[in-house]
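Descriptive analysis of the structure
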Amino acid sequence: RICTQMGACPVIFPEGTRSRDPNKEVKDRKFKTGIIQMLVATINALDEEQKKSNSPVIIPVYLSGAETIMPVGQSLPKFREKGTLRRKEIIINIGNPIDLLPKIEDFDDYGNRKEVMRFLRSLTALLKEHFVAVQDESIDLNDDETLEPY
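Residues numbered from 1 in each chain as written. Predicted model: local features only at pLDDT ≥ 70, side-chain atom pairs only at ≥ 80, totals over all residues. Heavy atoms only, no water.

1. Here we look at helix α2 (residues 34–45)
Heads up, the rule is: Helix and strand definitions follow DSSP, with helices as H or I runs of at least four residues and strands as E runs of at least two, each counted in order from the N terminus. What a helix is expected to span follows from its residue count: subtract one and scale by 1.5 Å. Buried residues are those whose accessible area, probed at 1.4 Å on protein chains only, stays under 20% of the maximum for their type, while exposed residues exceed 50% and partly exposed ones sit between those limits. Summarising the geometry, the arc corresponds to the directions from the helix axis toward the C-beta atoms.
Along its 12 residues, α2 runs 17 Å from first to last C-alpha, staying within 8% of the 16 Å computed at 1.5 Å per residue. Those residues of α2 not exposed but buried are Ile 35, Ile 36, Leu 39, Val 40, Thr 42 and Ile 43. In an axial view of α2, the angular spread of the buried residues amounts to 165 degrees, which keeps them on one side of the axis.

Next up, the structure:
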């Protein structure tokens, strides 16, 4: 809720951490329900006006190559290849915002833990489908076109 009030945008890895196996396809990674739990709690804390005007969404972002700059267990990033001036490359794929508000508002069985977990897992599976689709989309930031600020 603090992030929403501040207009902040938290970055959360749906796997719960950076991947230990960067060659593993998104479809083969295990997504955790934490991001959905945070989204549900945030949406349920909003009043109706806030839901209409400022409902949080998830923007799927896929990073390829980030593990070479800052692998799991490393505390500082290394932007250049060892012994050279050559920069390491990251490919960033950004998908369309995912608005889960209608699905979250339709669910009303929060008293039944088993149903809540089933609901969270189903939304996490839906989220994973979006991330799998985003993995194949890419922008080349090294080409001569300038990206316009939004």
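Structure shown, so let's carry the discussion forward.
2. Things to note about a nonpolar patch on the surface
Filter applied, for reference: The residues that make up patches have over 30% relative accessible area and no salt bridge, and they are joined within 9 Å when like-charged or within 5 Å when they are Val, Leu, Ile, Met, Phe, Trp or Tyr. Accessible surface is estimated by sampling points in the Shrake-Rupley manner with a 1.4 Å probe; for residues, cover comes only from the protein chains shown. By definition, a salt bridge exists where a carboxyl oxygen of Asp or Glu is found within 4 Å of a side-chain nitrogen of Lys or Arg.
Among the surface-exposed residues, Val 11, Phe 13, Val 57, Ile 59, Val 61, Leu 63, Ile 90, Ile 92 and Ile 94 lie close enough to one another that they form a single nonpolar patch of about 740 Å² accessible area. At the level of elements, β1 (61–64) and β2 (91–94) are the ones that each hand at least two residues to the nonpolar patch. Its place among the elements puts Ile 59 in the loop between α3 (48–54) and β1. What makes Ile 59 partly exposed here is its relative accessible area of 42%.

3. Section: the packing of aromatic side chains
Geometrically, a pair of aromatic rings is defined through the distance of the ring centres and the angle of the planes. Threshold: In summary, the pairing rule links any two rings of Phe, Tyr or Trp, Trp by its six-membered ring, whose centres are within 6.5 Å, and it sorts them by plane angle into stacked for under 30 degrees, edge-to-face for over 60 and tilted for everything else.
Enumeration over the complete set of coordinates arrives at 3 aromatic pairs. Centre to centre, the rings of Phe 31 and Phe 131 are 5.6 Å apart; their planes meet at 75 degrees, and the pair counts as edge-to-face. Placement of the pair is Phe 31 in the loop between α1 (2–6) and α2 and Phe 131 in helix α6 (residues 113–135), with a sequence separation of 100 residues. Phe 31 gets classed as buried once you look at its relative accessible area, which sits at 10%. Seen from their ring centres, Phe 107 and Tyr 110 are 4.9 Å apart, and the 90 degrees between their planes marks the pair as edge-to-face. We classify Phe 107 as buried; its relative accessible area is 15%. Following the ring pairs from residue to residue traces out a cluster consisting of Phe 107, Tyr 110 and Phe 119.

4. Some points on the environment of Ile 90
Note the cut-off: Any two residues having at least one pair of non-hydrogen atoms within 4.5 Å are treated as being in contact.
Locating Ile 90 in the fold gives a position in the loop between α4 (66–69) and β2. For Ile 90, a relative accessible area of 33% puts it in the partly exposed group. Each C-alpha atom, one on Ile 90 and one on Ile 69, is 8.5 Å from the other, the two residues being 21 residues apart in sequence. Among residues more than four places away in sequence, those in contact with Ile 90 are Ser 64, Gly 65, Ala 66 and Ile 69.

5. Some points on the pattern of salt bridges
Summed over all chains, the structure comprises 5 salt bridges. One salt bridge connects Lys 27 with Asp 28, and the closest N-O pair in it is separated by 3.6 Å. What makes Asp 28 partly exposed here is its relative accessible area of 45%. Ionic pairing is found between Glu 48 and Lys 51, a salt bridge with its closest N-O pair at 3.6 Å. You can see Glu 48 and its partner Lys 51 sitting in helix α3, 3 residues apart, about one turn around the helix. Lys 51 gets classed as buried once you look at its relative accessible area, which sits at 11%.

The quantities given are spatial measurements derived from coordinates; they are silent on function.
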